[in-house]
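Reading the structure
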Amino acid sequence: MLKREKRQASLGDSLLCIGVLVFLLCISLTKLGVSAHIPLALGGIFSGFIAVFKLGFTWKEIEEGILSTINSTMQAIIILLIVGMLIGTWILSGVVPSMIYWGLNILSPGIFLVATTIICSIVSISTGSSWTTAGTIGIALLGIGSALGIPKEIIAGAIISGAYFGDKMSPLSDTTNLAPAMAGTDLFTHIKHMLYSTIPAYLIALIIYAVIGFKYAGQAIDSSQITQIQQALSASYNTLSPLLLLIPAAVIIMVILKVPAVPGLIIGTLLGGLVAIVFQGASFKEVLEVAQVGYTSNSGMVFVDELLSRGGLNSMLGTVSLMLCALATGGILEKTGMLEALATAILKFAKGTLGLVAATIFTCIGTNLAVADQYLAIVMPGSMYREAFKKQGLAPENLSRALEDSATITSPLIPWNTCGAYMSATLAVGSFAFLPYAFFNLICPIISLTLAATGIGITKLSNQSDVKVEKEESIA
């Protein structure tokens, strides 16, 4: 067999393969209503076909690209599986229910919108899920706020702001694990780096909600739904003592002490299992089962059961398989130079740190608009700009923060995006109706761009050897 001359992909090759991938994803997600897994794999197959028969790559070379990309994210995959186990043991032990129980106590008529945002933040940080937060506590708060005469679209905006603050910052969230995996940094470094953009955006959002809430400060509140939720939680556990909050506090302390993510989360999982046995009377068998398949709540209250029936290693397998499909396709695109060709074309218009961060943010938003999935809006731009950030001398946590400040945050604001469709259907409020009031989601990308323009909160690599050191530290 004659050996074909190998060549790197052109911009046209890149646009063709990515265009086919986007087309398959759009059709599958919006028209057929199927998950992104197989369309991603089909996009990879098409790209592999172009790589072999047009660009002259061998299967061995393509396979090396796939495995190299997957291997670079194995730490994140391991963390996701551990997080699944941690969620299960923390719910069984009463840690997550305690966070929710005591978080509901801060509800006050005079600051209903602020309290709603904070409550949803606590629940979302506790569970790592914006969807679960909106579909449970969010619905209850929507009913309470509506009874106060507050417009539903404003309440929905506060719910989404709080839910996505927690989703963005919680180590239990899949997007919070996915972003650093694609950027090449570790989970805890990523979370700490996000504080630069997340805290200012959150505080500004709370101030705006406080100003709006003054109009409704004198009205009485029907707290019966909150009381019912707290009673259902109390009836399901032996104790919901604030002492249980020492478990997440211990994990936070480990973050501060720079304990690596994997052992830190394993310790958190083991502590959750121990507390479940000592405080809740769970058996060792129950702890093992919950760590594997998750917790099933039988409180008799729909809100509580939907909120707490989750977790377990098995719950993360869908996200892991999505990552593997996306990474396999991304590995082909990267190995053949297709991502580099596309990124090079875009980066011609991006000058300096601001230009690179802006290119990342607008690419993420564009991917959210085109592909309608926040995971892919993290994976694709993350693969595209990973090397560009290194060449610019920027640490990978700058990229992971930009990914979350755009891909994660803007997904619920797009009606045809999976997140936007879910939020709209769950809260019974149109996406364009609550969009102007989701202040945290709107402000976060602006803060991120401001940081890039001023250089505040931007971490640089002093030289190329730092890239290698940083990568080794993230793997350790």
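Data block above holds the structure.
For the structure given in this document, a descriptive report is provided here. Quantities reported herein were computed from a predicted structural model and do not represent experimental measurements. (Residues numbered from 1 in each chain as written. Predicted model: local features only at pLDDT ≥ 70, side-chain atom pairs only at ≥ 80, totals over all residues. Heavy atoms only, no water.)

**So, the pattern of salt bridges**
For the structure on display, the rule yields 3 salt bridges. Residue Asp 13 is joined to Lys 54 by a salt bridge in which the shortest nitrogen-to-oxygen separation is 2.7 Å. Placement of the pair is Asp 13 in helix α1 (residues 11-32) and Lys 54 in the loop between α2 (37-53) and α3 (59-71), with a sequence separation of 41 residues. Using a relative accessible area of 1% as the deciding quantity, one classes Asp 13 as buried. Its salt-bridge partner being Lys 285, residue Glu 289 comes within 4.0 Å of it at the nearest N-O pair. Residue Glu 289 and its partner Lys 285 are located together in helix α14 (residues 284-293), separated by 4 residues, close to a single helical turn. For Glu 289, a relative accessible area of 40% gives the class partly exposed. In this structure Lys 285 comes out as exposed when scored by relative accessible area, which is 57%. (Salt bridge = Lys/Arg side-chain N within 4 Å of Asp/Glu carboxyl O. Helix = DSSP H or I, 4+ residues; strand = E, 2+ residues; numbered from the N terminus. Buried < 20%, exposed > 50% of the residue type's maximum accessible area, 1.4 Å probe, protein only.)

**Focus: the packing of helix α6 (residues 112-127) against helix α10 (residues 187-213)**
With their axes 7 Å apart at the nearest point, α6 and α10 run at an angle of 145 degrees to one another. Contact with α6, carried on its side by Leu 113, Val 114, Thr 117, Ile 118 and Ser 121, involves Tyr 202, Leu 206, Tyr 209, Ala 210, Ile 212 and Gly 213 of α10 and no other residues of that element. When its residues are assigned to classes, the contact of α6 with α10 shows 8 nonpolar, 3 polar and no charged. (Axes fitted to C-alpha atoms, helices over the stretch in contact; angles between N-to-C directions. Contact = heavy atoms within 4.5 Å. Nonpolar A, V, L, I, M, F, W, Y, C, P; charged D, E, K, R; others polar.)

**Let's talk about a nonpolar patch on the surface**
Together, Leu 274, Ile 277, Val 278, Phe 279, Phe 284 and Leu 288 make up a nonpolar patch on the protein surface, roughly 600 Å² of accessible area in all. Looking at the nonpolar patch, the elements with two or more residues in it are α13 (261-279) and α14. It is α13 that provides the largest number of residues to the nonpolar patch, a total of 4 residues. One can find Ile 277 in helix α13. You can call Ile 277 partly exposed: its relative accessible area is 36%. (Patch = residues over 30% accessible without salt bridge, like charges linked within 9 Å, V, L, I, M, F, W, Y side chains within 5 Å. Areas by Shrake-Rupley, 256 points an atom, 1.4 Å probe, with all protein chains shown as cover.)

**Section: the packing of helix α9 (residues 174-183) against helix α20 (residues 396-410)**
Running from N to C, α9 and α20 point in directions that differ by 135 degrees, and their axes come no closer than 8 Å. With respect to their mutual orientation, α9 and α20 come out oblique. Helix-helix and strand crossings are classified by hand; for α9 and α20 the assignment is right-handed. Each of Thr 175, Thr 176, Ala 179, Pro 180, Met 182 and Ala 183 in α9 lies in contact with α20, whose residues at this interface are Pro 396, Leu 399, Ser 400, Leu 403, Glu 404 and Thr 408. Here the contact of α9 with α20 is built from residues that sort into 7 nonpolar, 4 polar and 1 charged. (Parallel < 35°, antiparallel > 145°, perpendicular 65-115°, else oblique. Left-handed = near helix turned anticlockwise from the far one by under 90°.)

**Observations concerning helix α19 (residues 374-391)**
Taking 1.5 Å per residue, 18 residues should reach 26 Å; α19 reaches 26 Å between its end C-alpha atoms and fits that length. Of all the bends found along α19, the most pronounced is centred on Tyr 385 and spans about 40 degrees. Of all 18 residues in α19, 16 are buried, a share of seventy percent or more. Looking one or two places after α19, you find Gly 393, whose phi comes out positive at around 80 degrees. (Expected span 1.5 Å × (residues − 1). Bend = angle between axes of the 7 residues up to and from the residue.)

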